[in-house]
Amino acid sequence: MATEKKTERFETGPAAFGRNFESEFSIHTELAALPISDCPAYLQEVVGGVCVSGAAVVTAFNRRFTLQTGMVFLLLPWQLVSIREVSGDFRLTFYRASEEMFTDSLSSLWRVTPDFFFFMSKHIASEAAPENIRRFLNYCDLLEYRARFVPEAFRRESVMQLLRVFFWDRYIYFVSETDSHNHKFHYTRKEEFAYRFLHMVLEDHSPDKDVAYYAENLGVSPKYLTTLIRSISGHSARDWIVRYMLLEIKSLLRESSMDLKSIASRLQFPDQSTLSRFFRHYTGLTPSKYRKKIFF
């Protein structure tokens, strides 16, 4: 009963936060707020939580996981996810954060590689441990405080600082597992091809490199590349090219010592104006306004 009373405090609604922030981040205990169902669909946000009681089967792509009491889980944007076989006593406490908040958080942590996303699609939950519930609820206490009481101008960045801790812990787990077990990823042929494409984009992206460029280097047609990548990830090849460009730009914008001219040059944009137009087209903000959200 003590646990149930504690988790009820975390449910948030439109009145709890400012309209813009509330649409990007929220904490829940009601299963109705979970953005996945028994019908597989690609997630458009990040969901992190803990199973407080009961069990359910979560499928990420074609891999089934039994989510049980005491398991902490993380579901990333762009994963094909569904949930079934939900027990009557199944209860969660979880947060939801927008895809933009997720990528903004990652932009200042590490250089995101395809390995991490492939690994996380196969390791969505921790081992079950009763103490995980207490730890995650305490974590939600910290998130809730910052979401409610930090001045509005600092609220988003304050919550993101805590989200980075959660993502960083998953990254440490990823590195530890791959290093200690000499882990080798096992892919289907389609996954292997997608992996090659994503690594190529990560290592060699610039404004003048389009789908045709990568298709030629992979020895396939642009149409085939786009169709295959969409079937694996739910997004087109072009989407992933843009996504990695934006991650790189955001990461450099967080380097306060770099001016926009230097960033444009480093990322091979013709000039600062072209960089600004590209960034504003996909984010709705100029690079300068994005920086103002971070630095005060």
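Use the structure listed above.
What this report covers is the structure whose coordinates are included nearby. (Residues numbered from 1 in each chain as written. Predicted model: local features only at pLDDT ≥ 70, side-chain atom pairs only at ≥ 80, totals over all residues. Heavy atoms only, no water.)

1. Quick look at a positive patch on the surface
(1) Moving on: On the surface, a cluster of positive charge is contributed by Arg-277, Arg-280, Lys-289 and Lys-292.
(2) Moving on: Sorting the residues of the positive patch by element identifies α12 (272–283) and α13 (287–292) as the ones contributing at least two each.
(3) Moving on: Along the chain, Arg-277 turns up in helix α12. (Patch = residues over 30% accessible without salt bridge, like charges linked within 9 Å, V, L, I, M, F, W, Y side chains within 5 Å. Areas by Shrake-Rupley, 256 points an atom, 1.4 Å probe, with all protein chains shown as cover. Salt bridge = Lys/Arg side-chain N within 4 Å of Asp/Glu carboxyl O. Lys, Arg positive; Asp, Glu negative; His and termini not counted. Charge placed at Lys NZ, Arg CZ, Asp CG, Glu CD. Helix = DSSP H or I, 4+ residues; strand = E, 2+ residues; numbered from the N terminus.)

2. Some remarks on helix α7 (residues 189–203)
(1) Moving on: For α7, which comprises 15 residues, the first-to-last C-alpha distance of 21 Å matches the rise-based estimate of 21 Å (1.5 Å per residue) to within 8%.
(2) Moving on: Among all positions in α7, only Glu-191, Phe-193, Ala-194, Tyr-195, Phe-197, Leu-198, Val-201 and Leu-202 are buried. (Expected span 1.5 Å × (residues − 1). Buried < 20%, exposed > 50% of the residue type's maximum accessible area, 1.4 Å probe, protein only.)

3. A closer look at helix α3 (residues 99–106)
Spacing of three or four residues puts side chains on the same side of an α-helix, whose turn is 3.6 residues.
(1) Moving on: Most of α3 is tucked away: 6 of the 8 residues are buried.
(2) Moving on: Every buried residue of α3 is listed here: Met-101, Phe-102, Thr-103, Asp-104, Ser-105 and Leu-106.

4. With respect to the pattern of salt bridges
(1) Moving on: Taken as a whole, this structure holds 10 salt bridges when the rule is applied.
(2) Moving on: With a closest N to O distance of 3.2 Å, Arg-64 and Glu-85 form a salt bridge. In this pair, Arg-64 is assigned in strand β5 (residues 63–68) and Glu-85 in the loop between β7 (80–84) and β8 (91–98), connecting sequence segments 21 residues apart. Here Arg-64 matches Glu-85 in class, with each residue exposed.
(3) Moving on: For Arg-164, the salt bridge is made with Glu-157, and the minimal N-O distance between the two is 3.3 Å.
(4) Moving on: You can call Arg-164 buried: its relative accessible area is 6%.
(5) Moving on: Residue Glu-157 is classed as buried on the basis of its relative accessible area of 12%.
(6) Moving on: Through salt bridges with shared partners, one network takes in Glu-24, Asp-104, Arg-156 and Lys-250.

5. Digging into the packing of aromatic side chains
(1) Moving on: Summed over the entire model, instances satisfying the criterion amount to 16 aromatic pairs.
(2) Moving on: Ring geometry for Phe-136 versus Phe-166: centroids 6.0 Å apart, planes at 75 degrees, classification edge-to-face. Of this pair, Phe-136 sits in helix α5 (residues 130–149) while Phe-166 sits in helix α6 (residues 152–180), and the two are 30 residues apart along the sequence. This pair shows no difference in class: Phe-136 is buried, exactly as Phe-166 is.
(3) Moving on: Measuring from ring centre to ring centre gives 5.8 Å for Tyr-171 and Phe-174, while their planes differ by 45 degrees; the resulting arrangement is tilted. Here Phe-174 and Tyr-171 lie together in helix α6, a separation of 3 residues that amounts to about one turn.
(4) Moving on: In textbook terms, an aromatic cluster arises when at least three aromatic residues are bridged by ring pairs, as seen for Phe-25, Tyr-95, Phe-102, Phe-136, Tyr-139, Phe-166 and Phe-167.
(5) Moving on: Just above the ring of Tyr-213 sits the side chain of Lys-209; from NZ or CZ to the centre is 5.3 Å. (Phe/Tyr/Trp six-rings, centres within 6.5 Å; stacked < 30°, edge-to-face > 60°. Lys NZ or Arg CZ within 6 Å of the ring centre and 35° of its normal.)

6. Observations regarding the sheet that holds strand β6 (residues 72–75)
(1) Moving on: The strand order across the open sheet formed by 4 strands is β1-β8-β3-β6, and the pairing between neighbours is antiparallel. The open sheet is flanked by β1 (25–28) and β6, the only strands paired with a single partner. In this sheet, neighbouring strand axes are inclined to one another by 10 degrees on average, regardless of whether the strands run parallel or antiparallel.
(2) Moving on: Here 8 bridges tie strand β3 (residues 45–53) to β8, and the two strands are oriented antiparallel to one another. For Val-47, the partnering residue across the bridge sits in β8 and is Arg-96.
(3) Moving on: Lying on the sheet, α3 is in contact with β1, β3 and β8; it crosses β8 at an angle near 80 degrees. (Pairing = 2+ DSSP bridges. Axes fitted to C-alpha atoms, helices over the stretch in contact; angles between N-to-C directions. Contact = heavy atoms within 4.5 Å.)

It is worth stressing that arrangement in space is one thing and function is another; only the former is reported here.
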